[in-house]
Amino acid sequence: MAKPGLDFPGFGVGLVILRDAKVLLYKRVRPPEAGYWNIVGGKVDHMEPAEQAARREAEEETGLRIGRIERIGMTEQIIDSDRQHWISLLYLARDVEGEPQLTEPDKLSDFGWFPLTDLPEPLSAFTRAAIAALPSAECGQLSARNDAS
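Read on for an overview of the structure. (Residues numbered from 1 in each chain as written. Predicted model: local features only at pLDDT ≥ 70, side-chain atom pairs only at ≥ 80, totals over all residues. Heavy atoms only, no water.)

**A few points about the overall build of the protein**
- Counting its regular elements, the protein contains 3 helices and 9 strands.
- Seen in sequence order, the protein has helices and strands lined up from the N terminus as β-β-β-β-α-β-β-β-β-β-α-α.
- Over its C-alpha trace the protein gives a radius of gyration of 15 Å, about what one expects of a compact globule, namely 15 Å for 149 residues.
- Across its three principal directions, the C-alpha atoms of the protein cover 50 × 30 × 30 Å.
- In the protein, which comprises 149 residues, the share counted as buried stands at 44%.
- Carbon and sulfur atoms provide 51% of the accessible area of the protein, an area that totals close to 7800 Å². (Helix = DSSP H or I, 4+ residues; strand = E, 2+ residues; numbered from the N terminus. Rg over C-alpha atoms; globule rule 2.2 N^0.38 Å. Buried < 20%, exposed > 50% of the residue type's maximum accessible area, 1.4 Å probe, protein only. Areas by Shrake-Rupley, 256 points an atom, 1.4 Å probe, with all protein chains shown as cover.)

**Topic: the nonpolar core**
- Val13, Leu15, Ile17, Ile66, Ile69, Tyr91 and Ala93 are the most contacted members of the largest nonpolar core, which has 19 residues in total.
- Taken together, the elements giving at least two residues each to this core come down to strand S1 (10-19), strand S2 (22-28), helix H1 (50-62) and strand S7 (84-93).
- For this core, the element with the most residues is H1, which contributes 4 residues.
- Apart from the residues lying within four places of it in its own chain, the contact partners of Ala93 are Leu15, Val16, Ile17, Leu18, Ile66, Arg68 and Ile69. (Core = buried A, V, L, I, M, F, W, Y, C linked by side-chain atoms within 4.5 Å. Contact = heavy atoms within 4.5 Å.)

**A short note on H1**
- In a regular helix each residue adds 1.5 Å, so 13 residues correspond to 18 Å; H1 covers 18 Å between its end C-alpha atoms and thus fits that length.
- For H1, the full list of buried residues reads Ala50, Ala53, Ala54, Glu57, Ala58, Glu61 and Thr62. Viewed along the axis of H1, the buried residues span an arc of 135 degrees, placing them on a single side of the element.
- Following H1 by one or two positions, Gly63 has its phi on the positive side, about 80 degrees. (Expected span 1.5 Å × (residues − 1). Arc of directions from axis to C-beta.)

**Remarks on the packing of aromatic side chains**
- This model, assessed by the stated rule, comprises 2 aromatic pairs.
- For the ring pair Tyr26 and Phe111, a centre distance of 5.1 Å and an interplane angle of 25 degrees mean the geometry is stacked. Placement of the pair is Tyr26 in strand S2 and Phe111 in strand S9 (residues 108-115), with a sequence separation of 85 residues.
- For Phe111, a relative accessible area of 28% translates into the label partly exposed.
- A ring pair is formed by Trp37 and Phe114, whose centres lie 5.2 Å apart and whose planes are at 70 degrees; its orientation type is edge-to-face. On the criterion of sequence distance, the pair formed by Trp37 in strand S3 (residues 37-38) and Phe114 in strand S9 is long-range, its members being 77 residues apart. (Phe/Tyr/Trp six-rings, centres within 6.5 Å; stacked < 30°, edge-to-face > 60°.)

**Points about unusual backbone geometry**
- Each neighbour pair has its own omega, and for Pro31 with Pro32 the value is 5 degrees, a cis peptide bond.
- Structurally, Pro32 can be placed in the loop between S2 and S3.
- Of note, the bond from Glu121 into Pro122 is cis; its omega dihedral lies within 30 degrees of zero at -5 degrees.
- Following the sequence through the fold, Pro122 ends up in the loop between S9 and helix H2 (125-132).
- For Ala21, which is not glycine, the phi dihedral falls at a positive 65 degrees.
- By secondary structure assignment, the location of Ala21 is in the loop between S1 and S2.

**Remarks on the pattern of salt bridges**
- One pass over the structure, following the stated rule, counts 12 salt bridges.
- Arg65 is the salt-bridge partner of Glu97, the closest N and O atoms lying 2.7 Å from each other. Taken together, the positions of Glu97 in strand S8 (residues 96-97) and Arg65 in strand S5 (residues 65-66) put the pair 32 residues apart, joining distant regions of the chain. (Salt bridge = Lys/Arg side-chain N within 4 Å of Asp/Glu carboxyl O.)

Below you can see the structure in the form of structure tokens.
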């Protein structure tokens, strides 16, 4: 059976989760970009609206309850080293409840909240694209909050 991302371009979603001027990142265990810090996300299932997929993937990966989200852009990632190709819609969530957990240790090995001005390395290309897609007002607010602390 053909696999999305490997045998044909996969369609995915990513969710930037912000709280207290910090972004939630997880470290990937599997390709693409194993060992890289990443926003949460995954593939969109057949007949599943992309916004619903973003919320589902985030809740499965973090244990958080995700409220309102907004679409901030899209990205196409062709990762030669992993022979993967993904096209993903990017979303932003500020409305989240609970504390993040490591709910999928077979997929993710670590997590943390990081200021946008001090992101961990290596940072996935997918995450770099998502951070670049953040509304400029959001980036300005986060930078101002980080400068004040």
